[in-house]
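Examination of the molecular architecture
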Amino acid sequence: MANTVQHWCNNDVFAGGSQATAPVTNPATGEVTGQVALAGVEDARTVIEAAAAAFPAWRDTSLAKRTSVLFNFRELLNARKHELAAIITAEHGKVLSDALGEVSRGQEVVEFACGIPHLLKGGFTENASTNVDVYSIRQALGVVGIISPFNFPAMVPMWFFPVAIATGNTVVLKPSEKDPSASLWLARLWKEAGLPDGVFNVLQGDKTAVDELLTHPKVKAVSFVGSTPIAQYVYATGTAAGKRVQALGGAKNHAVILPDADLDLAADAMVNAGFGSAGERCMAISACVAVGPIADDLVAKIGERARALRTGDGTKDSDMGPLVTKAHRDKVASYIDAGEADGAKVVVDGRQVSADGGENGFWLGPTLLDNVTPEMSVYTDEIFGPVLSVVRVETYDEALELINSNPYGNGTAIFTNDGGAARRFQNEVEVGMVGINVPIPVPMAYYSFGGWKNSLFGDSHAHGTEGVHFFTRGKAITQRWLDPSHGGINLGFPQNN
């Protein structure tokens with residue numbers, strides 16, 4: 001299969017037996033640039049079995065050796081990250097600076113995982129009972145599956161696999177079929193870094209591959225990021241099969257702008273958080289909650305900045321690229337239509353964008369809607385595109401109620417110069433990640449990423465210490481050794497008879 005993105009198994013490309021493929025497109029031109037293999041059940045089982053066969057030796061590889069491979073991977077990625085960014089831009093469409101930022105955020109988790117010897121230290125209690133010691137260790141699970149979305153083809157897998165590999169597991173990554181090439185590039189880098197055969201594998205495919213990862217008895221845990229309906233399915237199916245599952249779902253992230261906020265700072269933040277990566281990220285701010293008398297000024301400032309953004313091919317001097325597919329572009333545009341029909345005011349209309357790119361590219365410019373109300377679909381649904389809705393409220397309490405009554409609880413932000421108000425907000429808001437004058441509060445890798453409510457199914461967030469705990473299980477050992485004077489071995493000490 002020429003120009004087909006294939007699977008990766010035992011440190012080599014693997015064509016598989018299934019003849020099924022799906023097209024891969026360049027969103028900036030609309031052209032089909034290749035195909036991606038879609039695994040059949042037997043292909044999936046072959047890859048999973050390879051990971052299972054590699055597990056015992058990798059689990060028993062010393063921490064020093066495992067860490068050295070991670071350091072090698074880090075150095076190679078630092079040296080060649082521009083290659084990976086170019087692949088992401090070609091298949092996802094985001095501008096190169098966004099793609100490089102994505103790689104850098106993933107690299108933070110690699111660096112965190114380089115410290116795994118410290119993170120895997122257990123506890124020890126001497127003489128818990130007479131001559132009895134008790135200690136704890138954490139051990140790897142086995143084969144772990146990672147199912148990642150189209151919007152971050154490098155960063156999201158890197159939330160999971162550095163920690164999984166460092167702790168001694170073997171990995172099967174199932175990337176999105178919309179942008180599959182980044183995963184294969186990463187696999188080759190792992191091979192170059194010295195990772196043994198079978199430790200990192202890539203299974204291309206659709207629901208067939210996903211279902212095999214969720215039900216195969218040799219897969220012990222699954223990490224997923226995607227929409228909430230699929231996250232619920234992954235969680236229910238995987239846990240029913242006895243697996244450990246962390247399934248991160250969708251979001252409807254609000255930013256509250258209080259009357260005392262610096263409106264220029266807030267407007268800059270709303271543009272970055274609403275339209276960066278074309279809004280195709282689960283941490284995007286899609287609802288801007290303007291409190292009190294500032295709404296007119298705030299909308300004017302956001303509108304001025306949004307109109308100045310250049311939409312175009314991500315390899316050119318653009319601020320925002322295309323959406324990932326034509327179908328998704330049309331779906332996002334339909335939400336703008338619906339918002340307008342429901343009475344929202346279209347302040348900046350991305351449907352009319354003049355893009356610097358192919359005439360068949362999947363273009364939709366930054367869109368700003370004002371006077372949005374909570375019953376409109378443009379507010380209730382996760383749109384996953386460059387659409388920012390302004391909701392006007394009179395008080396802080398109204399803004400808080402809006403967020404806390406929402407079914408999602410992924411990220412939120414507040415803009416204010418009042419420390420007391422910010423402190424009250426971070427205490428009262430029912431959301432997993434909070435920004436104070438920070439629009440996209442993605443934590444550093446040594447903290448953990450994840451939301452509340454319908455934004456996360458499972459008990460563990462991604463990376464940080466929760467990630468280490470997800471990919472390991474605890475074991476407690478109670479031991480007693482007879483003193484040599486009880487007739488044990490002769491240690492060769494002089495005897496005084």
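What you see is a predicted model; the values in this text were computed from it and never measured.

A word on the overall build of the protein chain. Along the protein chain, the regular secondary structure elements total 15 helices and 23 strands. Taking 23 Å as the expected radius of gyration for a compact globule of 497 residues, we find that the protein chain reaches 25 Å, a close match to that expectation. For the protein chain, the residues scored as buried account for 56% of the 497 residues in total. Carbon and sulfur atoms make up 51% of the accessible area of the protein chain, which totals about 20100 Å².

Here the focus is the sheet that holds strand β5 (residues 32–37). Pairing is mixed in the open sheet, where three strands are placed in the order β1-β5-β4. Edge positions in the sheet fall to β1 (4–5) and β4 (21–25), since each has one partner strand and no second. Of the pairings in the sheet, the one linking β4 to β5 comprises five bridges and is antiparallel in character. When the bridges of β5 are listed, T25 appears paired with V32.

Before going further, it helps to examine the packing of helix α3 (residues 96–113) against helix α5 (residues 155–166). It is the contact of α3 with α5, at a shortest axis distance of 8 Å, that shows an interaxial angle of 15 degrees. With respect to α5, the element α3 is oriented roughly parallel. Here α3 runs over α5; the crossing is right-handed. Counting all contacts with α3, which are made through E102, V103, R105, G106, Q107, V109, V110, F112 and A113, the residues of α5 involved are M155, M158, W159, P162, V163 and A166. Residue composition of the contact of α3 with α5, by class: 11 nonpolar, two polar and two charged.

Strand β9 (residues 170–174) sits mainly inside the fold: five of its five residues count as buried. Neither face of β9 is open: one carries T170, V172 and K174, the other V171 and L173, and all of them are buried. Inspection of the sheet shows strand β8 (residues 143–147) paired to β9 by five bridges, in the parallel sense. Bridging from a neighbouring strand, I147 pairs with K174 of β9.

Our next topic: the pattern of salt bridges. Tallying each qualifying case throughout the model produces 27 salt bridges. Across the salt bridge formed by D264 and R305, the nearest N and O atoms sit 3.0 Å from each other. With D264 in helix α9 (residues 263–275) and R305 in helix α10 (residues 295–308), this residue pair connects regions lying 41 residues apart in the sequence. Here D264 falls in the partly exposed class, since its relative accessible area comes to 35%. R310 is the salt-bridge partner of D319, the closest N and O atoms lying 3.1 Å from each other. The exposure class assigned to D319 is partly exposed, which follows from its relative accessible area of 30%. We classify R310 as partly exposed; its relative accessible area is 41%. In the salt-bridge network here, residues are joined through shared partners; they are D264, D268, K301 and R305.

If you check α3, its first and last C-alpha atoms are 26 Å apart, about what 18 residues at 1.5 Å a residue would give, namely 26 Å. Within the span of α3, buried status applies to A99, E102, V103, G106, Q107, E108, V109, V110, F112 and A113. In this structure, the buried residues of α3 make contact with α2 (63–92), α4 (116–119), α5 and α15 (464–470).

Attention now goes to the domain arrangement of the protein chain. Examined at the domain level, the protein chain breaks down into domain 1 (2–248 + 449–475) and domain 2 (251–406 + 410–434). Distance between the C-alpha centres of domain 1 and domain 2: 31 Å. Contact residues are listed per partner, giving 24 residues for domain 1 and 34 residues for domain 2. When the two sides are added together, the surface that domain 1 and domain 2 hide from each other amounts to roughly 2200 Å², 61% of it contributed by carbon and sulfur. Counting every contact that joins domain 1 to domain 2 gives nine residue pairs in polar contact (both at pLDDT 80 or more). With three residues, the single largest contributor to the side of domain 1 that touches domain 2 is α2. Here the residues of the side of domain 1 that touches domain 2 sort into eight nonpolar, 11 polar and five charged.

The rules behind each value
Residues numbered from 1 in each chain as written. Predicted model: local features only at pLDDT ≥ 70, side-chain atom pairs only at ≥ 80, totals over all residues. Heavy atoms only, no water. Helix = DSSP H or I, 4+ residues; strand = E, 2+ residues; numbered from the N terminus. Rg over C-alpha atoms; globule rule 2.2 N^0.38 Å. Buried < 20%, exposed > 50% of the residue type's maximum accessible area, 1.4 Å probe, protein only. Areas by Shrake-Rupley, 256 points an atom, 1.4 Å probe, with all protein chains shown as cover. Pairing = 2+ DSSP bridges. Axes fitted to C-alpha atoms, helices over the stretch in contact; angles between N-to-C directions. Parallel < 35°, antiparallel > 145°, perpendicular 65-115°, else oblique. Left-handed = near helix turned anticlockwise from the far one by under 90°. Contact = heavy atoms within 4.5 Å. Nonpolar A, V, L, I, M, F, W, Y, C, P; charged D, E, K, R; others polar. Salt bridge = Lys/Arg side-chain N within 4 Å of Asp/Glu carboxyl O. Expected span 1.5 Å × (residues − 1). Domains from an automatic or database assignment. Buried area = accessible area lost by both parts, 1.4 Å probe. Polar contact = N/O pair within 3.5 Å; in protein donor to acceptor, adjacent residues only side chain to side chain.

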